[in-house]
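The residues making up each chain are set out below.
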Amino acid sequence: MRTRALAVAGAFEFTPQTHTDERGLFVSPLQESAFVAAVGHDFSLAQTNHSSSTKGVLRGIHFTTTPPGQAKYVYCARGRAMDVVVDVRVGSPTFGRWDMVHMDARTFRATYFPVGVGHAFLALDDDTVMSYLVSTAYRAELEQAVDPFDPTLGVPWPSGMEFVISGRDRDARSLAQAEVAGGLPLYSDCLALEGGRAAAGVVDADRRADGPE
């Protein structure tokens with residue numbers, strides 16, 4: 001497993017070794033030893049999510065109200081995607097910074113999103129399947145969004161592509177507007193929750209296990 005620290009504090013890219021033969025392919029996108037060596041703690045799993053998107057679907061920038069917050073481990077199981085991590089944590093040394101991981105079903109690169117950061121991806125092929133491992137279960141009222149086309153962030157989405165985007169994401173506030181409104185996570189809270197949840201393995205049983213990105 002190859003590991004790369006991303007431009008957002010606490011976020012990492014993981015590239016596993018793939019094994020192929022006449023039968024097909026075998027790969028382990030998440031490996032505990034490599035994850036702990038990079039991140040410093042294990043991954044507390046509460047739920048797995050699966051999404052299928054046509055070419056041009058853009059989901060995000062999404063994050064979860066903190067607390068409770070949510071950490072994610074994401075990889076592409078089919079197709080291709082541009083996967084983006086955005087630091088929306090007020091007080092973070094990399095606040096407002098983003099980084100991108102190019103994902104596909106050949107390399108099986110994965111991205112770790114620490115608690116409180118924003119996540120977005122763009123499907124580059126039809127039937128692009130994204131797999132998410134998340135540290136808390138879904139609660140609709142806690143899901144927040146920032147405008148993926150915020151010019152201050154400047155995420156370089158491809159030109160000339162017709163994007164398919166939800167109304168919620170189309171109407172999302174800019175990062176600056178969200179900060180003024182007090183809707184962004186605090187970096188200190190995120191760090192505390194990240195470490196505490198990993199150590200205790202906390203899972204809130206009363207949360208609904210549904211809700212796509």
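Provided above is the structure to which this section pertains.
All residue numbers refer to position in the chain's written sequence, counted from 1. The predicted nature of this model means local features are confined to residues of pLDDT at least 70 and side-chain atom pairs, given and counted, to a pLDDT of 80 or more, with totals for whole chains, interfaces and linings taken over all residues. Note: side-chain values were computed over all heavy atoms of the structure, leaving out hydrogens and water.

Enquirer: Is there a simple way to explain the pattern of salt bridges in this structure?
Expert: Where charged atoms of side chains with opposite charge meet at close range, the side chains can pair. The salt bridge criterion pairs a side-chain nitrogen of Lys or Arg with a carboxyl oxygen of Asp or Glu, the two atoms within 4 Å. This structure, assessed with the given rule, holds seven salt bridges. A salt bridge links Arg 23 to Asp 21; the shortest N-O distance between them is 2.6 Å. Under the relative-accessibility criterion, Arg 23 is labelled exposed at 74%. Asp 127 is paired through a salt bridge with Arg 78; the nearest N and O atoms lie 3.1 Å apart. Residue Asp 127 is located in the loop between β11 (118–123) and β12 (128–134), and its partner Arg 78 is located in strand β7 (residues 72–78); the two are separated by 49 residues in the primary sequence. By relative accessible area, which is 35% here, Asp 127 ends up partly exposed. Buried residues are those whose accessible area, probed at 1.4 Å on protein chains only, stays under 20% of the maximum for their type, while exposed residues exceed 50% and partly exposed ones sit between those limits. Owing to a relative accessible area of 45%, Arg 78 belongs among the partly exposed residues under this scheme. Strands are runs of DSSP state E lasting at least two residues, helices are runs of H or I lasting at least four, and both sets are numbered from the N terminus onward.

Enquirer: Would you mind showing me how to read unusual backbone geometry here?
Expert: Outside of glycine, negative phi angles account for most residues, and trans bonds account for most peptide bonds. Gly 60 connects to Ile 61 through a cis peptide bond whose omega is 15 degrees. Locating Ile 61 in the fold gives a position in strand β6 (residues 58–64). For the bond running from Thr 66 to Pro 67, omega is -5 degrees, close enough to zero to count as cis. Tracing the backbone shows Pro 67 in the loop between β6 and β7. One non-glycine residue, Phe 108, lies in the positive phi region at around 55 degrees.

Enquirer: Before we go on, may I ask you to explain the pairing of strand β9 (residues 98–104) in this structure?
Expert: Side-chain positions along a regular strand alternate between the two faces of the sheet. Summarising burial for β9: five of the seven residues are buried, a large majority. Both strand β8 (residues 80–86) and β9 contribute to a ladder of seven bridges, which runs antiparallel. Looking at β9, one finds that Met 82 is bridged to His 102. Criterion used throughout: strands pair if DSSP finds at least two bridges between them.

Enquirer: Sorry, what's going on with the sheet that holds β6 here?
Expert: The pairing of strands in a sheet happens through backbone hydrogen bonds and is either parallel or antiparallel. Spatially, five strands are ordered β9-β8-β11-β6-β13 in an open sheet, and the strand pairing comes out antiparallel. Looking at strand neighbours, the two that pair on one side only are β9 and β13 (143–145), the edges of this open sheet. The mean angle between the axes of side-by-side strands here comes to 30 degrees, regardless of whether they run parallel or antiparallel. Note on geometry: axes are lines fitted to C-alpha atoms, helical ones only across the stretch in contact, with angles between N-to-C directions running from 0 to 180 degrees.

Enquirer: When you look at the sheet that holds strand β1 (residues 2–5) in this model, what are you seeing that I'm missing?
Expert: If you trace the six strands from one edge of the open sheet to the other, you get β1-β2-β10-β7-β12-β5, paired in antiparallel fashion. Only two strands of the sheet have a single partner each, and these edge strands are β1 and β5 (47–53). Direction aside, neighbouring strands of the sheet carry axes that sit 20 degrees apart on average. One ladder, built from four bridges, connects β7 with strand β10 (residues 110–113); its direction is antiparallel. Note that in β10 the partner of Lys 72 across the bridge is Phe 113. With respect to the sheet, helix α1 (residues 32–39) is in contact with β1, β2 (12–15), β7 and β10, its orientation differing from that of β2 by roughly 155 degrees. Should any heavy atoms of two residues lie within 4.5 Å, those residues are considered in contact.

Enquirer: What should I look at first to understand the environment of Val 90 in this one?
Expert: You can see Val 90 is positioned in the loop between β8 and β9. C-alpha separation for the pair Val 90 and Leu 184, spaced 94 residues apart in sequence, amounts to 6.6 Å. Setting aside residues up to four positions removed in sequence, Val 90 forms contacts with Phe 95, Glu 179, Leu 184, Pro 185, Leu 186 and Tyr 187.

Enquirer: I keep staring at the packing of aromatic side chains and nothing clicks. Help me out?
Expert: Only centres within 6.5 Å qualify two rings of Phe, Tyr or Trp (six-membered ring in Trp) as a pair; their planes then separate them into stacked at under 30 degrees, edge-to-face at over 60, and tilted for everything else. All chains considered together, the criterion is met by nine aromatic pairs. Between Phe 14 and Tyr 73, the aromatic rings sit 5.6 Å apart at their centres with planes inclined by 40 degrees, giving tilted as the arrangement. In this pair, Phe 14 is assigned in strand β2 and Tyr 73 in strand β7, connecting sequence segments 59 residues apart. Note on Tyr 73: relative accessible area 0%, which makes it buried.

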